[in-house]
Amino acid sequence: MSNPEYYNAVKELLYKMADDELIMGHRNSEWTGIGPVLEEDIAFGSMAQDKVGHAYNFYQLLHEMGEADPDIIAFQREEKKFKCCHLVELPIGEYDFSLVRHFLFDHAEYLRFEMLSNSTFEPLANLAKKYKGEIKYHVFHANTWIKQLMNGSEESKARIQPSFNELFATAYSIFEPGPFEDTLAREGVFAGETVLQSKWEETVSSICSANGIILAQVNDKSLAYGGRKGYHTEYLSPLLNEMTEVLRSEPGAIW
Amino acid sequence: MKIISLDPRISRISELPGQDETVIVDHQEGWITYEVFHQKKTGTQHTHVGIVHAPNAEMAIIFAKESFARRGATSNIWVVKSEDVTALDYTDSDIFDTTAEKTYRDASFYKTRDKIDQLKGNEGHE
Amino acid sequence: MYGGGYTGEPEKNQPQAQDDPVLLAEFEAKIDRGEKIEPRDWMPADYRKQLIRMIEQHAHSEIIGALPEGTFITRAPGFKRKMALMAKVQDEIGHGQMLYSAAETLGKTREQMFNDLLSGKSKYSNVFNYPAITWADVTVIGFLIDAAAIVNQVINSKGSYGPYCRALERICYEEAFHLKQGHDAFVALAAGSPMQRQMAQESLNRWWEPIMHFFGPSDKMSVHSERLMRWKVKLASNDDMRQQFLNTYVPKIWELGMTLPDPNLKKNAETKQWEFTEPNWDTFFKVINGDGPCNKERLAVRKWAEEKGRWVRQALINPKEKYTLPYA
């Protein structure tokens, strides 16, 4: 297990998961205090906190593997070093957009964690098991909202479907294969993005068809790729600038 | 109106309602209320902790979880439509007054020791 | 969080005509015995009115209060502060949720309360009409405004209305976390670089007057509220609460080597009372009446949130459901 390729592969996996969680949590936290219903404001805020919490723990794992401190990784890395997918970078849009992204992202997260709970890389398996309950709620929340809004008013139906149209192809950015897919699979760390993607397609399409949502055929999934290699949408850089604004105002200070 | 806010989230909003723009929330938009009962751990009682506004029971559960169980231990939550609660008026709470004579309902009313001691003739072991 | 001080309407100090004197006497006797009043209990019309007014203002203060702190929700420096601020702003919404519910048990719906907030008819704590310009402002809000709010809320939790007391008990538990994290973040600045210390000092200077305003005008100039005291709607005078706050928190500021922008601020060794320069109450009333630095933005943002959220709420209306007032 001491081979460097193994560790690099695990680190790669951890970085992209952590970055996804951080940016998704950050985006969703933008709704805190200005959501559509007080109770939903609280629920959405909790899930945003869960995501940032997951990110922290993945960065902490990386730190234990010799990488920098979580605060440095998250708040002082340049944009190109981020490995998050394009889906999480997009601005929050209106509430339908944020809900549909939450639905698409969290199903992938749920399935990823389920796969990882059997990982041979034990610290990661343990985290995946630890978060099972949290992410179960996230998916329950997402499914319920999608179902109810698709059975709601004409307006809600007329909002949810276009949000799927807008986001579905970009959701494939989650599954952009990394350079270590084979190693991860061979070593039993993670069965790989392709496996995850087909599980996700199955779940998402069955829920969508049950609720009358039409998912467009995505012919070229790689159009959404790039994030895992450090090529991001135009939205990530301003997000990072904003997130690190206070921290950068006094480098090296403790806040 | 467009506001340059100190909060970047607000600055991103392209158009905020102006001062003389009236915004009214319709009563129906508040849905109905559900009473929330929280159980800390199995084996304990569910306790009333508050209410949530929700359109239906499923959503009420989703809301109740984060409104009332985001800290500390929880094993279960119930939600009950406020409408489905039947209660007595407080003005009738005198029906709960118990008269002092009803001590026959209490364990302390039954004192058998004396009789048993008597039966045993007060002899032998204490 | 919440500041009192303007909750009592000028009152005529006599029972309202419609209150049955026998019921009123029973009601007052109950409060004298330390018992709580519950939602469907008999209560004087004015008790109901004043409580709705007070709890509603408290609730508004929570959701408006989420805005100045929310100013930095995307910019909190580092994981610890980011997580804490996300949780804290969320809690403020949670407090609003619980308080609107408590007020609702008295017969005013949440929507009516929202509408009175948006139209400007109903007020909220003045302190949230000030801007959070720097990160230090967030720490000062978390530390000192929350501290002031706790003083107020702990006292109010001993009041006579059951649902309000219960909500406040839960709220005070969470406020303890708010105060701790705020203090922690403030101390980090005070113990930080010269730039951080300066930031903290400037923020203290900016917020001192709003903080002194927080508990409302001096008892000497505020309306007589003897009956609200007797009914345990109001439990301590504005001056008493301000004294209590100064007594606990001024030393905590001074021990960090920070100063407060009032040369007359000191504790009188004989009277054990804090002496200070009377803040400008004209400013206070001006801000209450809509002319503070952020009043317009705060209400515009709340209006925006209600308007943007409307389709979500409307989509799930079930016309067959009949609304009834919540029980507790």
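Conventions we followed
- Residues numbered from 1 in each chain as written.
- Chains lettered and ligands numbered in written order.
- Predicted model: local features only at pLDDT ≥ 70, side-chain atom pairs only at ≥ 80, totals over all residues.
- Helix = DSSP H or I, 4+ residues; strand = E, 2+ residues; numbered from the N terminus.
- Rg over C-alpha atoms; globule rule 2.2 N^0.38 Å.
- Buried ≥ 20, exposed ≤ 12 C-beta atoms within 10 Å, placed from the backbone.
- Contact = placed C-beta atoms within 7 Å.
- Nonpolar A, V, L, I, M, F, W, Y, C, P; charged D, E, K, R; others polar.
- Expected span 1.5 Å × (residues − 1).
- Pairing = 2+ DSSP bridges.
- Axes fitted to C-alpha atoms, helices over the stretch in contact; angles between N-to-C directions.
- Core = buried A, V, L, I, M, F, W, Y, C linked by C-beta atoms within 7 Å.
- Parallel < 35°, antiparallel > 145°, perpendicular 65-115°, else oblique.
- Left-handed = near helix turned anticlockwise from the far one by under 90°.
- pLDDT = per-residue confidence, 0-100.
- Arc of directions from axis to C-beta.

(A) Region of the structure containing the overall build of chain A. Along chain A, the regular secondary structure elements total twelve helices and zero strands. Of the regular secondary structure in chain A, the N- to C-terminal order runs α-α-α-α-α-α-α-α-α-α-α-α. The globule rule puts the C-alpha radius of gyration for 255 residues at 18 Å, and the 18 Å found for chain A is close to it. Counting only C-alpha atoms and orienting by the principal axes, one finds that chain A spans roughly 55 × 45 × 35 Å. When the 255 residues of chain A are sorted by exposure, 50% land in the buried category. In chain A, the share of contacts with a sequence separation of at least 24, taken over all contacts with a separation of at least 6, comes to 75%.

(B) Local environment of the overall build of chain C. Helix and strand content of chain C: eleven helices and two strands. Against the globule reference of 20 Å for 328 residues, chain C gives a C-alpha radius of gyration of 20 Å, in line with a compact fold. Relative to its 328 residues, chain C shows a buried fraction of 52%. For chain C, contacts bridging at least 24 residues in sequence account for 80% of all contacts bridging at least 6.

(C) Local environment of the interface of chain C and chain A. Between chain C and chain A, the contact holds 36 residues from the first and 42 residues from the second. Secondary structure elements with two or more residues in the side of chain C that touches chain A: α2 (45-70), α3 (79-104), α7 (194-213) and α11 (295-315) of chain C. Here the element with the most residues in the side of chain C that touches chain A is α3 of chain C; it accounts for twelve residues. Within the side of chain C that touches chain A, the residues separate by chemical class into 19 nonpolar, twelve polar and five charged.

(D) Region of the structure containing helix α2 (residues 57-68) of chain B. Here α2 of chain B is twelve residues long and its end C-alpha atoms lie 15 Å apart, about the 16 Å a rise of 1.5 Å per residue gives. Burial analysis of α2 of chain B places nine of its twelve residues in the buried class, the great majority of the element. Within α2 of chain B, the full set of buried residues consists of M59, A60, I62, F63, A64, K65, E66, S67 and F68 of chain B. Those residues of α2 of chain B that are buried lie in contact with α2 (38-64) and α7 (132-150) of chain A, β1 (32-39), β2 (47-54) and β3 (76-81) of chain B together with α3 of chain C.

(E) Spotlight on the interface of chain B and chain C. In this complex, chain B contributes 40 residues to the contact, which on the side of chain C involves 41 residues. When residues of the side of chain B that touches chain C are traced back to their parent elements, those giving at least two are α1 (8-11), β1, β2 and α2 of chain B. No other element matches the four residues that β2 of chain B contributes to the side of chain B that touches chain C. Of the residues in the side of chain B that touches chain C, the class split is 19 nonpolar, 13 polar and eight charged.

(F) Quick look at the environment of V89 of chain C. Within the secondary structure layout, V89 of chain C lies in helix α3. For the pair V89 of chain C and F276 of chain C, spaced 187 residues apart in sequence, the C-alpha separation works out to 32 Å. V89 of chain C has contacts with T32 and G33 of chain A together with A66, E69, G70 and I73 of chain C, leaving out every residue within four places of it along the chain.

(G) View of the sheet that holds β3 of chain B. All names here are of chain B. The three strands are arranged β2-β1-β3 in an open sheet whose pairing can be described as antiparallel. On the outer flanks of this sheet lie β2 and β3, each paired with one strand and no other. Averaged over all pairs of adjacent strands, the angle between their axes in this sheet comes to 30°, without regard to strand direction. The pairing of β1 with β2 spans seven bridges and is antiparallel. Directly across from H38, in β2, lies its bridge partner T47.

(H) Here's a closer look at the nonpolar core. Residue and element names in this part refer to chain C. In terms of nonpolar packing, the biggest core is built from 180 residues, with L51, I55, A103 and A148 touching the most fellow members. With 13 residues, helix α5 (residues 135-156) is the single largest residue contributor to this core. A103 has contacts with I52, I55, E56, A59, K108 and M113, leaving out every residue within four places of it along the chain.

(I) Up close: the packing of α5 of chain C against helix α9 (residues 238-254) of chain C. All names here are of chain C. Relative orientation of the contacting elements α5 and α9 amounts to 130°, with a least axis distance of 10 Å. Considering their axes alone, α5 and α9 lie oblique with respect to each other. Handedness of the crossing formed by α5 with α9: right-handed. Across the interface between the two elements, L144, A147, A148, V151, N152 and I155 of α5 pack against M241, Q244, F245 and Y249 of α9. When its residues are assigned to classes, the contact of α5 with α9 shows eight nonpolar, two polar and no charged.

(J) Local environment of unusual backbone geometry. Phi is positive for W31 of chain B, which is not a glycine, with a value near 60°. Counting through the fold element by element, W31 of chain B comes out in the loop between α1 and β1. In this structure, K232 of chain C takes a positive phi of about 55° despite not being glycine. You can call K232 of chain C partly exposed: it has 19 C-beta atoms within 10 Å.

(K) Expanded view of the environment of T112 of chain B. Residue and element names in this part refer to chain B. Mapped onto the elements of the fold, T112 is located in the loop between β3 and α3 (113-119). Accessibility expressed as a C-beta count within 10 Å gives 8 for T112, which makes it exposed. Along the chain, T112 and T74 lie 38 residues apart, while their C-alpha atoms are 45 Å from each other.

(L) Here's a closer look at the confidence of the model for chain C. Residues and elements named next belong to chain C. Per-residue pLDDT for chain C has a mean of 93; in total, 94% of the residues score no lower than 70. Every residue in residues 5-13 scores below 50 in pLDDT, and together they form 21 contacts with partners more than four places removed in sequence or on other chains. The ipTM, which scores confidence in the relative placement of chains, is 0.97 for this predicted complex, and the corresponding pTM is 0.95.

(M) Up close: the packing of helix α5 (residues 95-116) of chain A against α7 of chain A. Residues and elements named next belong to chain A. Orientation of α5 relative to α7, taken along the N-to-C sense of each, is 145°, at an axis distance of 9 Å. Between α5 and α7 lies a crossing whose hand is left-handed. On α7, the residues that touch L99, H102, F103, D106, H107, E109, Y110 and F113 of α5 are K132, I135, H138, V139, A142, W145 and I146. Looking at the contact of α5 with α7, its residues break down into nine nonpolar, three polar and three charged.

(N) Spotlight on the environment of P77 of chain C. With respect to the helices, strands and loops of the structure, P77 of chain C is situated in the loop between α2 and α3. Here the alpha-carbon distance between P77 of chain C and M98 of chain C, two residues 21 residues apart in the chain, equals 30 Å. Residues within four places of P77 of chain C in sequence aside, it is in contact with V246, L247 and W255 of chain A together with W135 of chain C.

(O) View of helix α10 (residues 193-210) of chain A. All names here are of chain A. A rise of 1.5 Å per residue sets the reference length of α10, with its 18 residues, at 26 Å; its end C-alpha atoms lie 25 Å apart and thus fit the reference within 8%. For α10, the complete set of buried residues consists of E193, L196, W200, V204 and C208. One side of α10 carries all its buried residues, which in axial view fall inside an arc of 80°. When the buried face of α10 is taken as reference, the exposed residues oriented beyond 90 degrees from it are T194, S198, E202, S205, S206, S209 and A210.

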